[in-house]
Amino acid sequence: MGKKLPNYISTTNACKLCRPLGACLAFRGVEGAVPFLHGSQGCATYMRRYIISHFNEPIDIASSSLGEKNAIYGGGANLKQGLKNVTAKYNPQLIGIATTCLTETIGDDVAMILSEYGREFGAEGELPLMVRVATPSYSGTHMEGFHGAVRALVEQLATGGEASDTVNLLPGFVSAADLRFLKEVMADFGLTATLLPDYSDTLDGPALADYPLIPKGGTPIGAIRAMGGNRATVEFGRTLGENEGGGSLLAERFGVPLHRLGLPMGLRESDAFLAKLSELSGVPMPERHAAARGRLIDSLVDGHKYLSGKKAVVYGEEDLVVGLTSFLAEIGVTPVLCASGGKSGRMEAAIREVLGDLPMAMPVVREDVDFHDIEEMGIALKPDFLLGHSKGYAMARRAGIPLIRVGFPIHDRMGGQRILHLGYHGAQQLFDLVVNTMIEKKQDDSPVGYSYM
Amino acid sequence: MGATAIFEERQDQIHRKGDAPFAISCNKESLAGAVSQRACVFCGSRVVLYPIADALHLVHGPIGCAVYTWDIRGALSSGPELHRLSFSTDLQERDVIFGGEKKLYAALTELIGRHRPKAAFVYSTCIVGIIGDDLAAVCKRVAAETGIPVLPVQSEGFKGNKRAGYAAACNAMRQLVGTGDTSNMPRHSINILGDFNRAGELWLIRHYYERMGITVVANITGDGRVADLQRAHGASLNVVQCSGATMDLARMMEQDFSIPSVRVSYFGIEDMAESLYAVARFFDDDPTIMARAQEVVREELSTLLPELEHYRTALSGKKAAIYVGGAFKAFSLVKAFRLIGMQVVMVGSQTGTPEDYEELQAITDPGTIIVDDSNPLELSAFLKEKEVDLFVGGVKERPIAYKLGVAFCDHNHERKEILAGFEGMRNFAREVYASVMSPVWRWVPRREA
């Protein structure tokens, strides 16, 4: 702390993505949905490319493909034509419409255009549901887009409905493997859950004989509608704003009790999550997780010396950084810099909270930074490794230190969507990865090349 | 099957050779809602200028445009690597309201001070076109203050398609050409336009020309340098590859400096050889140049052809589909596939011209589907209908092929192997072979049925 705060005007190698991308990902996690960007054609194509390079999966994002005259006279006609075309060929149950900087700036009133569209085409047969979210790319990051889309889905679809024992689970932006894991955990506690969004199948699907215009899977729309009647909402995100995400809306509008937790990464945050499920279900911790917890602690003991004195730079989305920092502190690695391109204003407090009473100095915490800042501040702190997505590779390479890949995007390795970050199981995988990376580095750098640890 | 996949509005952008007299509609705005594979004007400018390695490339706009084009193309540099960094003004809401000129000025000044580039390109994005920042004025002011060329690129995303972006890039580069010293320039000198040095291809091509006794003045833009562009008008000939990405610059240089140009392609054996012969023919005052060109081709083919035989035997009769950005590359690919015994059954591009498609239908077999500005729905239907064995395209086409259990060859951003030149033909055959002959296809649902 007390270090000079870089305050550059320009951005170099951003550590964030733009807002509509997050909305597209969230919409992709709804059953029968097609993400749709109201803007120029390039946005949809660029985001598809970016997402494909991580998931190695198709993701069709439609666009209203505005041209020059639309930018001047308004994009309403193109939006309607685009919706009509998507409906004709994709036959979606829902179209998730996110705006872009272009359409936000020219001032298109999407809600009004949609109600006109309903009047004009509603008679021709049943229209797909339309959920809209404002995602001007000049405000916030992909995370605001993601949470905004989740909130919009809940806001525009959920009704009070019948009271139900189902629990809403709003995990935020996690991997496909994480989503599958969360569904299993809920089932392990005997809980019926509505997980929103759920792209565990739609962005990590099987080989097929036909191209899946809309892949199977995703949160069923009926389940989203029923969320207002569910008995509780569990929402991950220590840096989420009060009115961000879907949980607070469900609480306000339908009185669904909201339980906000950190992303269940590492031991204590996973404990908190499983304890919450125990409380909600009245079921004690299932054996599978108790056993995994036991193995995790056993391995922390086995490996602790290899991590003693090690330092790490952690970067990425704020909630992910908070979760990773909590985990690192538990295993005896000192996080020296925690950085994000996001700027919730809440990351430092969240990190202070997760570090709790661990004998660990508070790391330098920086929001609203890019990789130029992270490199400048981080390398001076002499970290032993970097922990974050693949865009830190250039910096890791220059510094000659390992990059341990987690989160999104992972553009230079296979299987980013299958990395498990959550629960004791995820912590185990991360721990093995971290400790082995340190052992491998020592082994490779050693003139002897020991064949035992 | 194919019929339901095609929008009424797009019927005339698809032609099946032999069905009817050739006619195809193209160069249109993408159909809203059709999930076009196209990007935007900005993308066109960015990919063309990006390999200029000692220039600063500042994207004036919200963060997305810069972040999605960060180090995307693997255009190699033999020296500086400034082009691999992603610079942005990261416009925020207040900039959108009050204007972004101040921030642009400050960011430019800061970055030029930090990196000392030889020039700066400042890209306009959608939103800049709407809020009306005077890019040219800011660039002019910073140029005067820093003493380096600072060039606005008018690449607002919505103002057309990729081709408009190429034109904007060429306009920006034109500002550099003609400002450098051209004394002691040899007569037998060329500029290489339209190769972007992916995987080091430019170096390979350049070396062929050097073996012929030709001096290469400027690579535009692969492994590009500002100073080379500034003296590019000293060359005797522009050798232009690619579907018009740099054609506008060649045209301007012909007009302003009387430098003629030839259009070439470095993909496949015939086109590669012809690229060398065309230059040799131009310099016919020295017959040894043609002799050396023939020597280069002979030497290269003597090792290449026997190797190709192996691939040809294995791949003979397999069917290929092509979908690329510019149609010009597709011409060469059709020929390259023929050379390894494969039949092209579908070929399309994002931004082909009527002449491009005319040419494609002339060189393809009857029944071949020719398509402009396609989308996943159509492409996947064509792959199935034609029972394609291998699809060649870019990142966005890859999951379409793989999901359906079709082999794939990346001929765009993410390839790491040289696909140009004689060596590239060898790599191309090897890559096609590696994918088509993999045992994994045995397990996919398409083959199980």
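This is a predicted model, so every value here is computed, not measured. Residue numbers here run from 1 along each chain, matching the order of that chain's written sequence. Each chain gets a letter, beginning with A, and each ligand a number, beginning with 1, in the order they are written. At least 70 in pLDDT is required for a residue's local features to be given in this predicted model, at least 80 for side-chain atom pairs to be given and counted, and no such filter applies to totals for whole chains, interfaces and linings, which use all residues.

1. Some points on the overall build of chain A
Part 1 of the reasoning: In this description a helix means any DSSP run of H or I spanning at least four residues, a strand means any run of E spanning at least two, and both kinds are numbered starting from the N terminus. Per the secondary structure count, chain A includes 17 helices and 14 strands.
Part 2 of the reasoning: C-alpha atoms define the radius of gyration, and 2.2 Å times the number of residues to the power 0.38 defines the globule rule. Here the C-alpha atoms of chain A give a radius of gyration of 22 Å, agreeing with the 22 Å that 2.2 N^0.38 yields for 453 residues.
Part 3 of the reasoning: Comment: burial labels come from other C-beta atoms within 10 Å of the residue's own C-beta, placed from the backbone, where a count of 20 or more is buried, 12 or fewer is exposed, and between is partly exposed. Looking at chain A as a whole, 58% of its 453 residues are labelled buried.

2. Quick word on the overall build of chain B
Part 1 of the reasoning: Within chain B, the secondary structure is distributed over 18 helices and 14 strands.
Part 2 of the reasoning: Computed over C-alpha atoms, the radius of gyration of chain B comes to 22 Å, within 12% of the 22 Å expected from 2.2 N^0.38 for 449 residues, which places it in the range of a compact globule.
Part 3 of the reasoning: The C-alpha extent of chain B, read off along each of the three principal axes, is 65 × 60 × 40 Å.
Part 4 of the reasoning: Taking all 449 residues of chain B together, the buried fraction comes to 59%.

3. Observations regarding helix 2 (residues 41-55) of chain A
Residue and element names in this part refer to chain A.
Part 1 of the reasoning: Between its first and last C-alpha atoms helix 2 spans 22 Å; for 15 residues at 1.5 Å apiece the expected length is 21 Å, and the two agree.
Part 2 of the reasoning: Most of helix 2 is tucked away, with 15 of its 15 residues classed as buried.
Part 3 of the reasoning: Where helix 2 terminates, the next one or two residues include Asn 56, which has phi positive at roughly 55 degrees. A helix is expected to span 1.5 Å for every residue after the first.

4. Focus on the pairing of strand 14 (residues 407-410) of chain B
Residues and elements named next belong to chain B.
Part 1 of the reasoning: Two strands pair when backbone bridges link them, and strand 13 (residues 390-393) and strand 14 are joined in this way by 4 bridges, in the parallel orientation. Residue Gly 393 lies in a different strand from strand 14, and its bridge partner there is Asp 410.
Part 2 of the reasoning: A crossover counts as right-handed when, viewed with the strands pointing away from the observer, the path leading from the first strand over the helix to the second turns clockwise. Chirality of the crossover, the property in question, places the unit of strand 13, helix 16 (residues 398-403) and strand 14 among those that are right-handed. If DSSP finds at least two bridges between two strands, the strands pair.

5. Overview of the sheet that holds strand 8 (residues 237-241) of chain B
Residues and elements named next belong to chain B.
Part 1 of the reasoning: Strand order in the open sheet formed by 4 strands is 7-6-8-9, with parallel pairing between adjacent strands. Each of the sheet's edge strands pairs with one partner strand only, and the pair in question is strand 7 (215-221) and strand 9 (261-264). Put simply, the sheet's adjacent strands are angled 20 degrees from each other on average, direction ignored.
Part 2 of the reasoning: As paired strands, strand 6 (residues 189-195) and strand 8 are joined by 4 bridges and run parallel to one another. Note on strand 8: the bridge partner recorded for Ile 192 is Val 239.
Part 3 of the reasoning: Contacting strand 6 and strand 7, helix 8 (residues 201-211) crosses the sheet at an angle of about 155 degrees to strand 6. Throughout, an axis means a line fitted to C-alpha atoms (over the contacting stretch in the case of helices), and angles, computed between N-to-C directions, take values from 0 to 180 degrees. Note on contacts: each residue gets a C-beta atom placed from the backbone, and two residues are in contact if those atoms are within 7 Å.

6. Description of the sheet that holds strand 7 (residues 193-195) of chain A
Pairing between the strands of a sheet comes from backbone hydrogen bonds, and it takes one of two forms, parallel or antiparallel.
All names here are of chain A.
Part 1 of the reasoning: With respect to topology, 4 strands assemble into an open sheet ordered 7-6-8-9, the strand pairing being parallel. Either end of the sheet is taken by a strand with one partner, and the two such strands are strand 7 and strand 9 (258-261). Each adjacent strand pair in this sheet contributes to an overall mean axis angle of 20 degrees, direction not counted.
Part 2 of the reasoning: With 4 bridges connecting them, strand 8 (residues 230-236) and strand 9 associate as parallel partners. Across the sheet, residue Phe 236 finds its bridge partner in strand 9, namely Leu 261.
Part 3 of the reasoning: The strands that helix 11 (residues 266-281) touches are strand 6 (164-170), strand 8 and strand 9; relative to strand 9, the one it contacts most, it runs at about 160 degrees.

7. Let's talk about the interface of chain B and chain A
Part 1 of the reasoning: In this assembly, 58 residues from chain B lie in contact with 54 residues from chain A.
Part 2 of the reasoning: Sort the elements by how many residues they give to the side of chain B that touches chain A and helix 4 (residues 101-115) of chain B lands first, with 5 residues.
Part 3 of the reasoning: Residue polarity follows a fixed list, in which Ala, Val, Leu, Ile, Met, Phe, Trp, Tyr, Cys and Pro are nonpolar, Asp, Glu, Lys and Arg are charged, and the others, Gly among them, are polar. Looking at side-chain class alone, the side of chain B that touches chain A contains 36 nonpolar, 12 polar and 10 charged residues.
Part 4 of the reasoning: Where strand 1 (residues 11-12) of chain A lies against strand 3 (residues 87-88) of chain B, 2 bridges are found, and the strand directions are antiparallel. Across the sheet, the residue bridging to Thr 12 of chain A is Phe 87 of chain B, located in strand 3 of chain B.

8. Concerning the pairing of strand 7 of chain B
All names here are of chain B.
Part 1 of the reasoning: Among the 7 residues that make up strand 7, 5 are buried, leaving the element largely enclosed by the rest of the structure.
Part 2 of the reasoning: Judged from the 6 bridges that link them, strand 6 and strand 7 form a sheet pairing that is parallel. Bridging from a neighbouring strand, Asp 195 pairs with Thr 221 of strand 7.
Part 3 of the reasoning: As for the winding sense of the linkage, the β-α-β connection from strand 6 through helix 8 to strand 7 is right-handed.

9. Points about the domain arrangement of chain B
Residues and elements named next belong to chain B.
Part 1 of the reasoning: The start and end points of each domain follow an automatic or database-based domain assignment. Along its sequence, chain B is carved into domain 1 (3-25 + 316-415), domain 2 (41-166) and domain 3 (189-300).
Part 2 of the reasoning: Taken together, the contacts link 17 residues of domain 2 with 16 residues of domain 3.
Part 3 of the reasoning: Mapped onto the side of domain 2 that touches domain 3, the elements with two or more residues apiece are helix 1 (41-49) and helix 7 (162-174).
Part 4 of the reasoning: Looking at the side of domain 2 that touches domain 3, its residues break down into 10 nonpolar, 3 polar and 4 charged.

10. A closer look at unusual backbone geometry
Residue and element names in this part refer to chain A.
Part 1 of the reasoning: Following Phe 408, the chain continues into Pro 409 via a peptide bond in cis, with omega recorded as 0 degrees.
Part 2 of the reasoning: Note on placement: Pro 409 falls in the loop between strand 14 (403-405) and helix 17 (423-445).
Part 3 of the reasoning: Backbone geometry places Lys 382, a non-glycine residue, at a positive phi of 55 degrees.
Part 4 of the reasoning: With respect to the element layout, Lys 382 can be found in the loop between helix 15 (371-380) and strand 13 (385-388).

11. Here's the deal with the nonpolar core
Part 1 of the reasoning: One finds Ala 120, Val 122, Ile 322 and Leu 390 of chain B to be the most contacted residues of the largest nonpolar core, which totals 291 residues.
Part 2 of the reasoning: Residue contacts for Ile 322 of chain B: discarding those within four places in its chain leaves Ala 330, Leu 333, Val 344, Met 346, Val 347 and Val 392 of chain B. Definition of nonpolar core: a set of buried Ala, Val, Leu, Ile, Met, Phe, Trp, Tyr and Cys residues joined via C-beta atoms within 7 Å.

12. Notes on the packing of helix 4 of chain B against helix 6 (residues 135-146) of chain B
Residues and elements named next belong to chain B.
Part 1 of the reasoning: Helix 6 packs onto helix 4 with a crossing angle of 30 degrees between their chain directions and a minimal axis gap of 10 Å. Here helix 4 is positioned roughly parallel relative to helix 6, judged by the angle of their axes. You can see that helix 4 and helix 6 cross each other, and the crossing is right-handed. Contacts between helix 4 and helix 6 involve Glu 101, Leu 104, Tyr 105, Leu 108, Thr 109 and Ile 112 from the first element and Val 138, Arg 141, Val 142 and Thr 146 from the second. Angular relationships are summarised with four words: roughly parallel below 35 degrees, roughly antiparallel beyond 145, roughly perpendicular across 65 to 115, and oblique for the angles in between. Crossings are classed by handedness, with left-handed meaning an anticlockwise turn of the near helix from the far one by less than a right angle and right-handed meaning a clockwise turn.

13. Considerations on the domain arrangement of chain A
Residue and element names in this part refer to chain A.
Part 1 of the reasoning: Domain assignment breaks chain A into domain 1 (19-145), domain 2 (164-281) and domain 3 (287-445).
Part 2 of the reasoning: Look at where the C-alpha atoms of domain 1 and domain 2 centre, and you get two points 24 Å apart.
Part 3 of the reasoning: With 21 residues of domain 1 at the interface, the matching set in domain 2 holds 16 residues.
Part 4 of the reasoning: Elements that contribute at least two residues to the side of domain 1 that touches domain 2 include exactly helix 1 (19-28) and strand 2 (33-38).
Part 5 of the reasoning: Broken down by element, the side of domain 1 that touches domain 2 gets its largest block of residues, 4 residues, from helix 1.
Part 6 of the reasoning: Looking at the side of domain 1 that touches domain 2 residue by residue, the class counts come to 13 nonpolar, 4 polar and 4 charged.

14. Looking at the packing of helix 13 (residues 327-339) of chain B against helix 14 (residues 354-363) of chain B
Residue and element names in this part refer to chain B.
Part 1 of the reasoning: Interaxial distance between helix 13 and helix 14 falls to 9 Å at its minimum, and their mutual angle equals 10 degrees. With respect to their mutual orientation, helix 13 and helix 14 come out roughly parallel. In contact with Ala 327, Phe 328, Ala 330, Phe 331 and Val 334 of helix 13, helix 14 contributes Asp 356, Tyr 357, Glu 359, Leu 360 and Ile 363.
Part 2 of the reasoning: Partitioning the contact of helix 13 with helix 14 into residue classes produces 8 nonpolar, no polar and 2 charged.

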